Amino acid sequence: MSRKVIIAGNWKMNKTVAEGVALVNELKPLVANVDNAEIVVCPTFTTLSAVVEAAKGSNIQVGAQNISWAESGAFTGEISADMLKEVGVEWVIIGHSERRQYFGETDKTVNQRTKTALAAGFKVMLCIGESLEERENGTTNDVVKTQLTGGLEGISASDMENIVIAYEPVWAIGTGKTATPEMAEDTHKACRSVVADILGQEVADAVRIQYGGSMKGANSKELVGQENIDGGLIGGASLSAKDFSELIINAVG
Ligand code: 13P
């Protein structure tokens, strides 16, 4: 089963419009020859439009970091599918652990946002991952099972063609502590088997599962080299064109 590697940069709450455009303009020539990986950058909402424009004609795709489940109306602070469509975004990140931790995101809201995003024709990076306490309790596989079961509730096999799962152990995000490739591989395998239980082996074999959590140029090859790791969702190392391109080229070059 060959799954195309996907490497996405989640800029989180970083980069002004000018900084984001400068990053993409610097990144474009550095990754222009990469044809064996999908490359995505996910700026803040205010920077999306300019980055979509800057990325035009390149092999860099653009994603948003969230999407409302509602179509429109009284939802202060939310951004709708139509708004993202108009800007020209292809991808949306849903359920990042920072949204779960600081903004009350739950498996139910992740599921609602995912359904809205798919109905509007977006591709989704659906984030899951355990906390340090859960890892130490030995409940990692139960946690990702619950998150996947809730997040994918009512999602069909054909919907899954537009979903990538991002496994991000919370304790590895921004901490410099990467899961060892073996540790990550074990959990990716567990996630794939949950997808097989829910939607069948064929869907499970086809779905891409990214790893996220302190991935960088020095470890991307080993992580992405694991059988069940199909790419990365990158925070810190995606904020510099040089670091991000190095990570991508090391992973798939
Ligand atoms: P870091 O790469 O900074 O650890 O962040 C990972 C992440 O949360 C990407 O969504």
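Quick notes on the rules
- Residues numbered from 1 in each chain as written.
- Predicted model: local features only at pLDDT ≥ 70, side-chain atom pairs only at ≥ 80, totals over all residues.
- Heavy atoms only, no water.
- Near = heavy atom within 4 Å.
- Polar contact = N/O pair within 3.5 Å; in protein donor to acceptor, adjacent residues only side chain to side chain.
- Areas by Shrake-Rupley, 256 points an atom, 1.4 Å probe, with all protein chains shown as cover.
- 1 Å grid on protein atoms, 1.4 Å probe; cavity = no way out; pocket = protein on both sides within 12 Å on 5 of 7 lines; lining within 4 Å.
- Sits in = over half its atoms within 2 Å of the grid points.
- Nonpolar A, V, L, I, M, F, W, Y, C, P; charged D, E, K, R; others polar.
- Buried < 20%, exposed > 50% of the residue type's maximum accessible area, 1.4 Å probe, protein only.
- Helix = DSSP H or I, 4+ residues; strand = E, 2+ residues; numbered from the N terminus.
- Pairing = 2+ DSSP bridges.
- Contact = heavy atoms within 4.5 Å.
- Core = buried A, V, L, I, M, F, W, Y, C linked by side-chain atoms within 4.5 Å.
- Expected span 1.5 Å × (residues − 1).
- Points joined across faces, edges and corners; volume = space filled by probe spheres on them.

Peer 1: Where do I start with the site of the ligand in this structure?
Peer 2: Around the ligand there are 13 residues in total, and Lys12, His96, Gly174, Ser214 and Gly236 lie nearest to it. A distance of 2.9 Å separates an oxygen atom of the ligand from a polar backbone atom of Gly235. When the free accessible area of the ligand is taken as 310 Å², the share hidden by the protein chains comes to 94%. The pocket occupied by the ligand, as judged from atoms lying within 2 Å of grid points, is the second largest pocket. For the shell around the ligand, the per-class residue count stands at four nonpolar, seven polar and two charged.

Peer 1: In this structure, what is going on with the pairing of strand E3 (residues 60-64)? I would like to understand it.
Peer 2: Burial analysis of E3 places five of its five residues in the buried class, which makes it a mostly covered element. Residues Ile60, Val62 and Ala64 point to one face of E3 and Gln61 and Gly63 to the other, with burial holding for every one of them. In the sheet, strand E2 (residues 37-42) pairs with E3 via three bridges, with the strands oriented parallel. Bridge pairing links Val41 to Val62 in E3. In this structure, E3 lies alongside strand E4 (residues 91-94), joined through two bridges in parallel fashion. Each residue of the ladder has a partner; that of Ala64, found in E4, is Val92.

Peer 1: What is the right way to read the side chain of Thr114 from this model?
Peer 2: With respect to the helices, strands and loops of the structure, Thr114 is situated in helix H5 (residues 107-119). Judged by its relative accessible area of 0%, Thr114 falls in the buried class. Among all residues touching Thr114, those that are not within four sequence positions of it are Ile94, Val124, Leu126, Gly151, Ile155 and Ile163.

Peer 1: Is there a simple way to think about the nonpolar core in this case?
Peer 2: Side chains of nonpolar character tend, in soluble globular proteins, to be buried together. Ranked by size, the top nonpolar core spans 66 residues in total, and within it Val41, Val92, Met160 and Tyr211 carry the most contacts. Once residues lying within four places of it in the same chain are set aside, the contact partners of Val41 are Gly9, Trp11, Val24, Leu27, Val51, Ile60, Gln61, Val62, Gly63 and Phe244. Ala8, Cys42, Val164 and Ala166 belong to the second-largest nonpolar core, a separate cluster that totals eleven residues.

Peer 1: Just to check I follow, could you spell out H5 for this structure?
Peer 2: Note that an α-helix has 3.6 residues per turn; residues three or four places apart therefore point the same way. Between its terminal C-alpha atoms H5 stretches 18 Å, which fits the 18 Å expected from 13 residues at 1.5 Å a residue. Turning to H5, its buried residues number three or more, namely Asp107, Thr109, Val110, Asn111, Arg113, Thr114, Thr116, Ala117 and Leu118. Residues of H5 that are buried in the fold lie against helix H3 (81-87), E4, helix H4 (97-102), strand E5 (123-128), helix H7 (140-151) and strand E6 (163-167).

Peer 1: Looking at this structure, how should I read the layout of surface pockets?
Peer 2: It is the rolling of a water-molecule-sized probe over the atoms that shows where space remains empty. Estimates place the volume of the largest pocket at around 440 Å³. Lys12, Met13, Gln65, Arg99 and Phe103 are the residues nearest the centre of the largest pocket, which is lined by 18 residues in total. Taken together, the residues that form the lining of the largest pocket break down as seven nonpolar, seven polar and four charged. There is about 230 Å³ of room inside the second largest pocket. Counted by class, the lining of the second largest pocket contains seven nonpolar, nine polar and three charged residues.

Peer 1: Looking at this structure, I do not really get unusual backbone geometry. What am I missing?
Peer 2: One can expect most non-glycine residues to show negative phi and most peptide bonds to be in trans. At Lys12, a position not held by glycine, the phi torsion is positive, near 50 degrees. Examined against the element boundaries, Lys12 turns out to sit in the loop between strand E1 (5-10) and helix H1 (17-31). Positive phi, close to 55 degrees, is recorded for Ser214, a residue that is not glycine. Along the chain, the position of Ser214 falls in the loop between strand E7 (209-211) and helix H10 (220-224). With relative accessibility at 16%, the residue Ser214 sits in the buried group.

Peer 1: Hey, could you run me through the environment of Ile7 in this one?
Peer 2: Among the secondary structure elements, Ile7 is positioned in strand E1. On a C-alpha basis, the gap between Ile7 and Ile234 in space is 7.5 Å, while along the polypeptide they are 227 residues apart. In this structure Ile7 touches Glu38, Ile39, Val40, Gly231, Gly232, Ile234, Phe244, Leu247, Ile248 and Ala251, once residues within four positions along its chain are discounted.

Peer 1: I keep staring at the pairing of E5 and nothing clicks. Help me out?
Peer 2: Along any regular strand, the residues point their side chains to alternate faces of the sheet. Burial runs high along E5: five of the six residues are buried. In terms of strand pairing, E4 meets E5 through four bridges, oriented parallel. Bridging from a neighbouring strand, Ile93 pairs with Met125 of E5. With five bridges joining them, E5 and E6 adopt parallel strand pairing. Paired with Val124 across the strands is Ile163, a residue of E6.

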